[in-house]
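Letter by letter, the chains look like this.
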Amino acid sequence: MLPVALAAALALSLNMARAEPRATQLIVVAPHAVAGPRATMRAYERDATGPWREVGAAAPVVGGAKGFAPAWRDMRRTLAAKPGRRRFLKREGDKRTPLGLFTVGRPFGFAPDPRQGYLQLRAGETFCIDDPASPQYGVIVGAGDRRKAGSAEDMGAEPLYRSGFVVDYSANGARRGGSCIFLHIWRKPGAGTAGCVAMSGENMARLQAWLRPGALILITARPEEALSRL
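Residues numbered from 1 in each chain as written. Predicted model: local features only at pLDDT ≥ 70, side-chain atom pairs only at ≥ 80, totals over all residues. Heavy atoms only, no water.

### Quick look at the overall build of the protein
In step 1: From N to C terminus, the protein includes four helices and 13 strands.
In step 2: Per-residue burial for the protein yields a buried fraction of 52% across its 230 residues.
In step 3: Sequence-distant contacts, at least 24 apart, represent 63% of the contacts inside the protein between residues at least 6 apart.
In step 4: As displayed, the protein has an accessible area near 11000 Å², and 51% of this comes from carbon and sulfur atoms. (Helix = DSSP H or I, 4+ residues; strand = E, 2+ residues; numbered from the N terminus. Buried < 20%, exposed > 50% of the residue type's maximum accessible area, 1.4 Å probe, protein only. Contact = heavy atoms within 4.5 Å. Areas by Shrake-Rupley, 256 points an atom, 1.4 Å probe, with all protein chains shown as cover.)

### Thoughts on the confidence of the model for the protein
In step 1: With 80% of its residues at a pLDDT of 70 or more, the protein has an overall mean of 83.
In step 2: In the predicted structure, residues 1–12 sits below a pLDDT of 50 and forms 17 contacts with residues beyond four places in sequence or in another chain.
In step 3: Contacts for the low-pLDDT stretch residues 14–20, under 50 throughout, to residues beyond four places or in other chains number 15 contacts. (pLDDT = per-residue confidence, 0-100.)

### Comments concerning the pattern of salt bridges
In step 1: Taken as a whole and judged by the stated rule, the model has five salt bridges.
In step 2: For Arg206, the salt bridge is made with Glu202, and the minimal N-O distance between the two is 2.8 Å. Taken as a pair, Arg206 and Glu202 lie in helix 3 (residues 201–210) at a separation of four residues, close to a single helical turn. (Salt bridge = Lys/Arg side-chain N within 4 Å of Asp/Glu carboxyl O.)

### Concerning the sheet that holds strand 9 (residues 152–154)
In step 1: Strand order in this open sheet of three strands is 8-7-9, and the pairing throughout is antiparallel. Across the chains shown, the open sheet's two edge strands, defined by having one partner strand only, are strand 8 (140–141) and strand 9.
In step 2: Bridge count for strand 7 (residues 127–129) against strand 9 is three bridges, and the pairing is antiparallel. When the bridges of strand 9 are listed, Cys128 appears paired with Glu153. (Pairing = 2+ DSSP bridges.)

The following block contains the structure:
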């Protein structure tokens with residue numbers, strides 16, 4: 001039985017994340033240890049009424065260089081560290097990947113792509129605002145809006161973003177809760193990120209071919225318990 005607090009946290013995050021009445025695709029990212037970057041990714045799908053079915057093979061991925069942290073305060077005791085370990089809440093610049101349930105957003109990359117909603121990145125033209133004082137904190141903007149913010153990442157200038165997805169993470173500038181979170185290419189196996197989830201180019205290509213709008217991503221240290229509740 002899932003603890004009441006965990007069930008409530010997952011229910012809240014599900015309501016925040018879902019773009020569809022019933023998602024039919026799900027990615028589960030399970031950290032090997034919440035204090036480190038290594039994790040395993042599995043993919044699932046279901047029809048309108050059936051249970052989740054795993055598809056394809058599990059794949060190695062990495063999260064933040066300093067591990068994983070709950071995205072919301074009510075998940076602090078349930079999806080975070082082992083008893084006795086100091087627990088962190090996700091913060092801007094902490095190099096931790098947020099735990100929780102989110103919707104997978106727009107695909108992006110350097111090459112052109114005909115898919116609806118695809119974001120083609122160009123150096124000097126596509127920026128993620130990571131200035132917590134900006135009203136556009138956590139928003140991807142063009143060059144014109146970038147000039148209004150104190151700090152932003154030039155997405156088109158980062159080779160690791162040559163293929164990826166936006167994660168629809170609810171940025172909170174007031175508490176510096178972390179800005180843009182992506183799925184992207186890793187630097188090398190085992191090398192942690194600034195807070196995103198990264199993988200090999202081969203596994204990213206599989207995701208690009210498979211994922212459709214409305215898919216969910218669940219990042220949790222307790223995948224079996226959480227999966228049974230979705």
